[in-house]
Structure formats: C-alpha cells, structure tokens
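Take a look at the letters that make up each chain.
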Number of protein chains: 2
Amino acid sequence: MRPSSEERERLAAVAGRIISRIEELMRASGIGGEAVLVGSAARGTWLSGDHDLDVFIGVPEGSSLLPALEVARLVAPRFEERYAEHAYVHALFEGFEVDIVPCYLVEDASEIISAVDRTPFHSRYVSARIRGLEDEVLLLKQFMKGVGVYGSELRVGGFSGYLAELLVIRYGSFVGVLEGSSLWRPGEVVDLEDHSSRSHGDPLVVVDPVDPGRNVAAALTLDRMFAFAAASRLFLREPSPEFFFPPDLPPLPDEELREALAERRSTLILLEFAAPDLVEDVVFPQLRKAEQSVRALLERGGFYLLRSDADWHRAVPVRDDGAEGPGPSDDVGVLRILIELEVALLPRVERRVGPPAWEAEHAKRFVASHPAPLSGPYIEGGRVVVEVARKFLRAEDLLRSQVAGLSLGRHLGPSLRRGYKIYVGQEILEVRDPEFRIFIARYFLAREKVG
Amino acid sequence: MRPSSEERERLAAVAGRIISRIEELMRASGIGGEAVLVGSAARGTWLSGDHDLDVFIGVPEGSSLLPALEVARLVAPRFEERYAEHAYVHALFEGFEVDIVPCYLVEDASEIISAVDRTPFHSRYVSARIRGLEDEVLLLKQFMKGVGVYGSELRVGGFSGYLAELLVIRYGSFVGVLEGSSLWRPGEVVDLEDHSSRSHGDPLVVVDPVDPGRNVAAALTLDRMFAFAAASRLFLREPSPEFFFPPDLPPLPDEELREALAERRSTLILLEFAAPDLVEDVVFPQLRKAEQSVRALLERGGFYLLRSDADWHRAVPVRDDGAEGPGPSDDVGVLRILIELEVALLPRVERRVGPPAWEAEHAKRFVASHPAPLSGPYIEGGRVVVEVARKFLRAEDLLRSQVAGLSLGRHLGPSLRRGYKIYVGQEILEVRDPEFRIFIARYFLAREKVG
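Asker: Would you mind going over the overall build of chain A in detail, with residue names and values included?
Answerer: Along its length, chain A carries 14 helices and 15 strands. Each principal axis of the C-alpha atoms in chain A carries an extent, and together these give about 85 × 55 × 50 Å. Of all intrachain contacts in chain A linking residues separated by at least 6 positions in sequence, the fraction that spans at least 24 positions is 68%. A total accessible area of about 19,700 Å² is found for chain A, and carbon and sulfur atoms account for 50% of it. Between the averaged position of the 54 positive side-chain charges in chain A and that of its 70 negative side-chain charges there is a distance of 6 Å.

Next up, the structure:
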C-alpha cells in the first residue's frame, strides 16, 4: 500500500513536469495566477497504485475561468472534459491520470465561489501539519479501503482522503484514530480549530478547519461510520492483515448460488435495465431511489421484505437468452436491483383497516367503498375493518404490473421504460455476468468487521 | 320481544308467591330485614322469554348473611348454590329461574359492603323514573341484543340491563339513545346526577346515580361501544327489523366451509381442549388470555396473523375420530381458539436485529451469540444485524412444540396440558360440532351494522 521510492520519485517528476507545462501555457496566454499540485500526491499520502494527480489552476477572483480551462485542454493530447460544479479536464499525461481544475484564488476559504476553490486551502492546511504522519495516513486509508468505508462518493458514502488526513491530525496516529473512533456515538463532533459555526444533523461532524460552516464528513452515512468504528474496535482487540487486504470474493458459481437459495428459502427478485450514460454520482442516488420505490411498492402490496441492494455492472454480461431483455448493448452496462422477500406469496384475503368508528362520515365512505367484502365490516381497536379479495397474490406479478409507472429518478425512469427484465428465484442463475456473481456473493455473505 | 299480558301477569303472580314464601321463612327463623324483587322483572323492562327473577334478602348491617342464605336454600326443592362476591342460591320455582341473593341493607350506596348490596338502590332509582318508558327500554334492549352488544358479562363486554335503563332515562326514549350514541366519542361521560367523583379511563363512563365513584359502563369494551354507536347511526338512516332480529346463522356445512377456505387462502389453525368446570366469567378472561398468548407466540416466531377468536362450545361435538384428542368427554364442553394466519410458512433465513453498533459490549455479545450466521454481521440503520437459520418454518410446528408451556391462565393451563388437539387448514372440516360450525360461520361473515 505504501508506494515504493521509485514510484514516489516518478510521481514527483511527472507532477513537476505538468506544473511546468501549465505555467508555461499560462504565461503564453497571459493568464495571472498559479498552478498547484493538491491532494494526496502533493503530500505523500497516496496509496500505491492510485496514480491520480490533481492540479489546480488558480486565477484571481473577478476574472473568467475560461482561459484557464483553455490552458487545461492544451496540457496533454489525450483528454476529456468533465463536469462537477463547473468544467475541468481529465487528461492522460505520461501514463498518469491528471485532473486539471480551474478555480478562483480567494483570500479566505469561507469566501469561495465554487467548492473546488476550497481545495488549495485544504492542501495548505494538511501539508503544514502532516509531515511525519504520512505513513499513518496511508495505514488508515488502506484500513478504510479494506473494511469498505473508503470514498466519499455516493456509491460508498464513506470517508474521503481529506477526512482521513484530518482524523490522523486530530488523533495523532493510525491507532489513535481507531481508538478514538471506537468511542464514537451518533452526532460525534471533531473540531480541530474549535471554530464550528453551525450545527449539523449528520452522524459524524468533522468541522472543516478552513471553513467553520462546513462538515467534511457530510457524505458519510451512519452505517459506514459505525462499520468503521466497529472494525476499529475489533482490530484493536484482534489485529490481522485481513482488515487491510480482505480476500477477494470470486464470482459465485452456479452450484453455490443454488445452495445459497436452498439454504435461505427466501424469494429473490432481480430487476435489470440499461444504465444511462452518466457519471456515478448522478446515477447512484437515482438507483437508491429506484430501489426504495420498488421496496415501497411491494410493501404497499402487503409483501414482507428481508433485504435489498442495487449496483451498476459495467461489464457486458454473458447471457443465455441473447436477444431478450434490455440488453446490455453497449459498454455503459446495466443497473440491477436485487430484492429479497421474506414473503412473496400472500393469501387472497386482505385486511383493510379504515377510520375510527366515531368518524361517521369517514366510516360511511370507507364501508361504501368496499361494497362486497369477504368479511366485515367490523370494529376492531375502535376502527372499521373490512377483509377483501387481494389483487396481486404474488410479488412478481405486482412488480411486473406496476414497475414502469414507478418514480425511479429523472434518468432511470426513461431508461427502464425502454426495457427491463425481471428474474425470480432460480431464474437468477441465468445471469452469468461475473460482476453480478461477485455482487450476489457479497450480498449473501454481507459480513462486516463487527464483533 | 314485549312480554304478553298473560306472561306479565304470570310473572307477577310467581314473584308475589316467592316474596311471601321468603318472608314467611324469615319470620320463622327470626331474621330481620326484607325481601325485595329487583331487576327488570320488578320494573316491567324484561324481554319476553327472559324468565329470570332476582329476589334480594336484605339484612341489617352488622348481622350475618348466613341465616339469609339458609332461608334461600329452603325456598324451592330444586336449587344450587353459586358464588359471585359471596354465596347465593339459584332455584327453580314454578318453572321460573330465580336468583335469591342475601345482601346488607345500607343507608347509602357508597357504603356498601359487597357489590350486591348496591342492587336494591339501583332498583329504587330506576323504578322511580322509568314509569311510562318501559317500552323504550324493551326496544333498546332488543336492539342491543340484535346487534350483539347486550350483556355486561365478560364474554360479551356489552351493555347491562341497568345501563340500558339509565341511557333511556338520560336520553328520554329509544330513538333518543340512538341519536345520542351516534355522537359518542371515546371517553364519553354520562352523569345523570352530575355528581361524578373520579375520572375513569374507560371508553364510556356512565356515572352510577347511586354511587358517584362507580362507572356503570366499566365492562363495556371500546369495540362493543362503537358497534352500538355505528348500528345506531345506520338504523336512524335505514331502519329495518333486522337490527332487532338478525337472521340466525345456521351451522356452516362442509361445502361452504371448503369454499370459504378456498376464497380466503389463509391458514386457519384451531386449538381445542376441554373446558374446566367453572362459570363463564371465570373462564372467559382466561380464554382471552390464552388466545393472546398463542398470538404472541406465533408473532414472536415471525408469523403474521390476520385475525383470531375464541369460544366455549358446550354441546358434545360429533367427531369422526372418536377417541383422539382431548375428548369433550363430559357436558362441560370444549374451549376453542381459532387463529387465522396471513403467513404460516416462513423462509429459513431469519433477520435478527441487534443492539446499536456503538454499544460496544452489547454488540460484541450479540455477535458472539450468533457464531455461524447465514449472513452478517452487518450494520443497518446503525444496528448490528445477523441473518440466521430459523428453527420453526411452519406455524403449526411452533405451536405444537410450545403450546403446553404457554401462560394460559390459572385453570386453562392444567386443562390444556391434560390434552389438546390442533387442526390445520382443511383438517378443520373434521370438527362437526354444530356450535363450532355456527361460530366459524360468524367468524367468516364478521359483519356488524356499520355503514
């Protein structure tokens, strides 16, 4: 996980050449300002193999960012433009992936115009305090990676690299962070500069040392926070290299998938449709929303859920049926929502609990709207109750009938309506995509470092 | 429902002869006090066919009730002793059933020694106010009977005769009571003497006009209260004789029972065991408790319930299997608990939600107590969750395994442990007892006058 000295030297050399190249281009274009290397590469806290370089082009407040973007486009011949809050360039420079990001140079981090303007402040804050603690940061990042909580992207909902660095600064060492987090409770506040200016409802609040109103841990979910805290406790008691380097889960072969289904005897339903051609941080919130919509539909229908998960699989899956289904026809891949039901088959009779019996008008309307119940109306717990014939007895029938009308997010709805496929129970064996087989292996295991 | 004039005259004559006989015996024994006819017979508010006479022997405070009980035993050759708060005699006198109840004559109803001492006060209070309203009381009682809310015994949880009389006094007429009750809400208070001395948590509070601390409607359940109020509203809108005289439900024949099971497709489980030789008001609370214990067992086991009911069937049932089961071997009859399940078969995998992940000691113990889960441990909603193999997948297996250990009430527990029988689904067809077939017909219909 710790980069070798050659790796370090090579990265430093490449970074130096990029900065020189950009400064040269800025002079040629007559742009004021400066180019700075930021992020983990700038402070020796990157994990071996993560070859991402972040270079920011800072221009004076009040000027335009466009000339800086023009410069970014000229750094390397192979590049693409990407968008976060505003445009930046993702380029390939001597085999390294480099993000070149125009931003404003502001006096104080609380006066930033765009979120990226804050990054140079972070870089300066950490650089000034991290000397000698680089290895502690590396250990922490690898530990977080190993227990599945590293990354602030919405797919993960975990800890960002900057957050890991701040925690090392706060607690003094890798083990210090583990000990500190062992005692965390929801609503925990870490305020390095003791300058917090507002309260947050987040599970963990790490006040940004360069901007008192911001929570660095805002993207961290409650479950990832305590997956980390629980793993910390367990590691301190029973340390093992597995925390840093968990064994890879191989794709689940047919036989084991069959065994897992037989062992659980629950009902699995898999919904599959083509992914839209958008970045992860746009797709994932919609995918989680779609998963919740499907869950809510089934629960409204009276079915009982056990667990669910969703993921984006980019590899082109190998399928038996070839033409059928949405067809992962391009390399954008497919979205998959897996729902595990405790009860997927319900009796025909269904209880409908109505208004309190003393609300005369409501009660009358409720009874009138169920003119031929199987049982009732009767009064139970003070409420009017009828028992009627249920429409959908099987969860899959309800899903097939209603899924196209669900609220699935702005881009996922149209995508699903162009085509989807539903697999029930043993039919899931038809999905041979190795990425899916790893996903379902992880779903069945669902083992976190808790103990 | 209104007694004929011959019926009235005959009752009055018999009542007169009983009183004379008792007074004669009291004189012969040298007992002071008086014999009074109380209850509906005394005030012309009894329903035709209800031939119950209540005669109270009042003795001065401070004396013993035993000589009065001796007298009661001598009134008729055919009698048995019964017990409420203390002993009384139930005798057969010229074809009429008579309760002869010793009580104390006290100055004020709030100074009573036993509940029966209050009855003469009730009788005097109502007699002085009910003249001319007798037919209104009869209509109200028959209406209450017809809609299934008449009777304050625990089996019914409805309105007593005295309560019906007080409501007629309060609202002026039968229709007045229906109109009044149409507007009732939970916690309704009716206080004829405006002298309530304490608050009650009961759904309906009718302050006893002879005892300000007592709620005459204490035995009325919320559901019976609003079954009456809802029927009242419906009757005022669409009156029909059916409210007073609902059609009898005949025993459900095999074919219709089969149809009902096919129409509902739920799972019915019937638990049957011998009733103890005790009065209804002792047995019924225990039977309800047993019903709740069985429900709670199945819910703890993860099964989902739809509805349940319980009853005491006294007729000797005709059964196919003869010797098997508890055998309704004597005329005490059997107790039956009917449970209808929405879900009676569960998957093998079972979710166990543990403590919050930040409660380190609890979390550790929870994980240690599930050493080989099917999935997990993982953290969801901040809690530690494991998925383990369930022990009982079928509700009937759980019930058979655990029913003998359940808390079923003081007398029912031993009775059940001497022998019970469980019928599941179609097996219920084996139960041919006409009383059960009427009970299950009513269970399936479950129709109250609500609209």
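Asker: An account of the interface of chain B and chain A is requested, with residue identities and associated values reported.
Answerer: The partner chain A presents 53 residues to the 53 residues of chain B that form the contact. With both chains or domains summed, chain B and chain A bury close to 4,700 Å², and 56% of this area falls on carbon and sulfur atoms. Our count for the contact surface shared by chain B and chain A stands at six salt bridges. In this structure, the connection of chain B to chain A is made through 38 residue pairs in polar contact (both at pLDDT 80 or more). Among the elements that line the side of chain B that touches chain A, the one with the most residues is helix α8 (residues 222-237) of chain B, at seven residues. The residue inventory of the side of chain B that touches chain A, partitioned by class, reads 29 nonpolar, six polar and 18 charged.

Asker: Lay out the pattern of salt bridges with the relevant residues and their values.
Answerer: The tally for this structure, following the rule as stated, stands at 56 salt bridges over all chains. Taking the shortest distance from any N to any O, the salt bridge between E80 of chain A and R82 of chain A comes out at 2.9 Å. The partly exposed category is assigned to E80 of chain A, whose relative accessible area is 42%. Note that R390 of chain A is salt-bridged to E342 of chain B, the shortest N-O span being 3.6 Å. Placement of the pair is R390 of chain A in the loop between β14 (383-389) and α12 (395-402) and E342 of chain B in strand β11 (residues 334-343), with the two residues belonging to separate chains. Assessed through its relative accessible area of 15%, E342 of chain B is described here as buried. A network of salt bridges, in which partner residues are shared, links R155, E280, D311 and R314 of chain A.

Asker: An account of the pairing of strand β7 (residues 204-208) of chain A is requested, with residue identities and associated values reported.
Answerer: Residues and elements named next belong to chain A. Counting buried positions along β7 gives five out of five residues, so the element sits mostly inside the fold. Residues L204, V206 and D208 point to one face of β7 and V205 and V207 to the other, with burial holding for every one of them. Of the pairings in the sheet, the one linking strand β6 (residues 188-190) to β7 comprises three bridges and is parallel in character. Residue pairing across strands places V189 opposite V205, the latter belonging to β7.

Asker: An account of helix α5 (residues 134-146) of chain A is needed here, citing residue identities and associated values.
Answerer: Because each turn of an α-helix spans 3.6 residues, side chains separated by three or four positions end up pointing in the same direction. Residues and elements named next belong to chain A. Relative to the 18 Å expected for 13 residues at 1.5 Å per residue, α5 spans 18 Å between its end C-alpha atoms, a close match to the ideal helical length. For α5, the set of buried residues is E134, V137, L138, L140, K141, Q142, F143, M144 and G146. Where α5 is buried, its residues contact α1 (5-29), α2 (39-43), α4 (119-130), α6 (161-171), α7 (174-182) and α8 (222-237). Looking at the residues trailing α5, positive phi occurs at G148, about 80°.

Asker: Talk me through a nonpolar patch on the surface; I want residue IDs and the actual numbers.
Answerer: All names here are of chain A. On the surface, a nonpolar cluster with roughly 210 Å² of combined accessible area is contributed by L278, V279 and V282. Mapped onto the elements, V282 comes out in helix α10 (residues 280-300). A relative accessible area of 32% places V282 in the partly exposed class.

Asker: I'd like a rundown of the packing of helix α10 (residues 280-300) of chain B against helix α12 (residues 395-402) of chain B, residues and numbers included.
Answerer: Residue and element names in this part refer to chain B. Across the interface, α10 lies against α12 with an axial gap of 10 Å and an inter-helix angle of 125°. By the angle between their axes, α10 is oblique relative to α12. In terms of crossing hand, the pair formed by α10 and α12 is right-handed. Where α10 abuts α12, its residues V294, L297 and L298 lie against A395, L398, L399 and Q402. For the contact of α10 with α12, the residue count by class is six nonpolar, one polar and no charged.

Asker: So what's going on with unusual backbone geometry? Which residues, and what values?
Answerer: Most peptide bonds adopt trans geometry, and most residues besides glycine take a negative phi value. With an omega dihedral of 5°, the bond running from G376 of chain A to P377 of chain A counts as a cis peptide bond. Here P377 of chain A shows up in strand β13 (residues 375-380). Even without a glycine there, the phi angle at R265 of chain A is positive, about 55°. In this structure, R265 of chain A sits in the loop between α9 (254-264) and β9 (267-274). At D194 of chain B, a position not held by glycine, the phi torsion is positive, near 50°.

Asker: How would you sum up α9 of chain A? Please name residues and give values.
Answerer: Residue and element names in this part refer to chain A. Those residues of α9 that fall on the buried side of the exposure criterion are L257, A260, L261 and R264. All buried residues of α9 project into a common sector of 100° when viewed along the axis, lining one side. Looking one or two residues beyond α9, the residue adopting positive phi is R265, at roughly 55°.

Asker: Mind laying out the side chain of H370 of chain A, listing which residues take part and the relevant values?
Answerer: All names here are of chain A. Here H370 lies in the loop between α11 (360-368) and β13. A polar contact is formed between the side chain of H370 and the side chain of R352, at a distance of 3.3 Å. Apart from the residues within four sequence positions on either side, H370 is in contact with R352, V386 and V388.

Asker: Just give me the short version of the relation of the copies chain B and chain A, but keep the residues and values in it.
Answerer: By a simple turn and slide, chain B fits onto chain A: the slide is 0.0 Å along the axis, the RMSD is 0.1 Å, and the turn is 180°. The relationship between the two copies is best expressed as a two-fold rotation axis. When each C-alpha of chain B is compared by its distance to the rotation axis, V343 of chain B comes out closest, at 3.9 Å. Of the residues that chain B buries at the interface, 100% are likewise interface residues in chain A, meaning the two copies contact each other through the same surface.

Asker: Quick rundown of the confidence of the model for chain A? Include the residues and the values.
Answerer: Across chain A, the average pLDDT comes to 91, with 96% of residues at 70 or higher. Both confidence scores are given for the complex: pTM 0.86, ipTM 0.89.

Asker: Run through a negative patch on the surface, naming residues and quoting values.
Answerer: On the surface, E61, E107, D108 and E111 of chain A cluster together into a negatively charged patch. With respect to the element layout, E61 of chain A can be found in the loop between β2 (52-60) and α3 (66-73).

Asker: Mind laying out the environment of E81 of chain B, listing which residues take part and the relevant values?
Answerer: Residue and element names in this part refer to chain B. Within the secondary structure, E81 sits in strand β3 (residues 78-83). Placed 34 residues apart in sequence, E81 and A115 show a C-alpha to C-alpha distance of 18 Å. Excluding residues within four positions of it along the chain, E81 makes contact with L69, R73, A87, Y88 and V89.

Asker: Explain the sheet that holds strand β2 (residues 52-60) of chain B residue by residue, including any values.
Answerer: Strands pair in a sheet through their backbones, by hydrogen bonds, and they do so in one of two ways: parallel or antiparallel. Residues and elements named next belong to chain B. One open sheet accounts for five strands, arranged β1-β2-β5-β4-β3; its pairing is mixed. With one partner strand each, in any of the chains shown, β1 (34-38) and β3 form the two edges of the open sheet. In this sheet, adjacent strand axes meet at a mean angle of 25° when their direction is disregarded. For β1 and β2, the ladder comprises five bridges, and the chain directions are antiparallel. Bridging from a neighbouring strand, V36 pairs with F56 of β2. Across the sheet, helix α1 (residues 5-29) is in contact with β1, β2, β4 (87-93) and β5 (96-105); its angle to β2 comes to roughly 25°.

Asker: How would you summarise the packing of aromatic side chains if you had to cite specific residues and measurements?
Answerer: Inspection of the entire model under this criterion finds 31 aromatic pairs over all chains. Here F143 of chain B and F235 of chain B contribute two aromatic rings whose centre-to-centre distance is 5.4 Å and whose plane-to-plane angle is 75°, an arrangement assigned as edge-to-face. In this pair, F143 of chain B is assigned in helix α5 (residues 134-146) and F235 of chain B in helix α8, connecting sequence segments 92 residues apart. We note that F143 of chain B, like F235 of chain B, is buried. Between F174 of chain B and F235 of chain B, the ring centres sit 6.0 Å apart and the planes meet at 70°, which makes this aromatic pair edge-to-face. Here F174 of chain B is found in helix α7 (residues 174-182), whereas its partner F235 of chain B is found in helix α8, with 61 residues between them in sequence. You'll find F174 of chain B and F235 of chain B in the same group, each marked buried. Pairwise contacts between aromatic rings join F143, F159, F174, W184, F228, F235, F243 and F244 of chain A into one cluster. Across from the ring centre of Y443 of chain A, 4.0 Å away, lies the NZ or CZ of R307 of chain A, which sits over that ring. Geometry around W312 of chain A places R314 of chain A over its ring, the cationic atom sitting 3.8 Å from the centre.

What counts, and where the lines are drawn
Residues numbered from 1 in each chain as written. Chains lettered and ligands numbered in written order. Predicted model: local features only at pLDDT ≥ 70, side-chain atom pairs only at ≥ 80, totals over all residues. Heavy atoms only, no water. Helix = DSSP H or I, 4+ residues; strand = E, 2+ residues; numbered from the N terminus. Contact = heavy atoms within 4.5 Å. Areas by Shrake-Rupley, 256 points an atom, 1.4 Å probe, with all protein chains shown as cover. Lys, Arg positive; Asp, Glu negative; His and termini not counted. Charge placed at Lys NZ, Arg CZ, Asp CG, Glu CD. Buried area = accessible area lost by both parts, 1.4 Å probe. Salt bridge = Lys/Arg side-chain N within 4 Å of Asp/Glu carboxyl O. Polar contact = N/O pair within 3.5 Å; in protein donor to acceptor, adjacent residues only side chain to side chain. Nonpolar A, V, L, I, M, F, W, Y, C, P; charged D, E, K, R; others polar. Buried < 20%, exposed > 50% of the residue type's maximum accessible area, 1.4 Å probe, protein only. Pairing = 2+ DSSP bridges. Expected span 1.5 Å × (residues − 1). Patch = residues over 30% accessible without salt bridge, like charges linked within 9 Å, V, L, I, M, F, W, Y side chains within 5 Å. Axes fitted to C-alpha atoms, helices over the stretch in contact; angles between N-to-C directions. Parallel < 35°, antiparallel > 145°, perpendicular 65-115°, else oblique. Left-handed = near helix turned anticlockwise from the far one by under 90°. Arc of directions from axis to C-beta. Least-squares fit on C-alpha atoms with pLDDT ≥ 70 in both. pLDDT = per-residue confidence, 0-100. Phe/Tyr/Trp six-rings, centres within 6.5 Å; stacked < 30°, edge-to-face > 60°. Lys NZ or Arg CZ within 6 Å of the ring centre and 35° of its normal.

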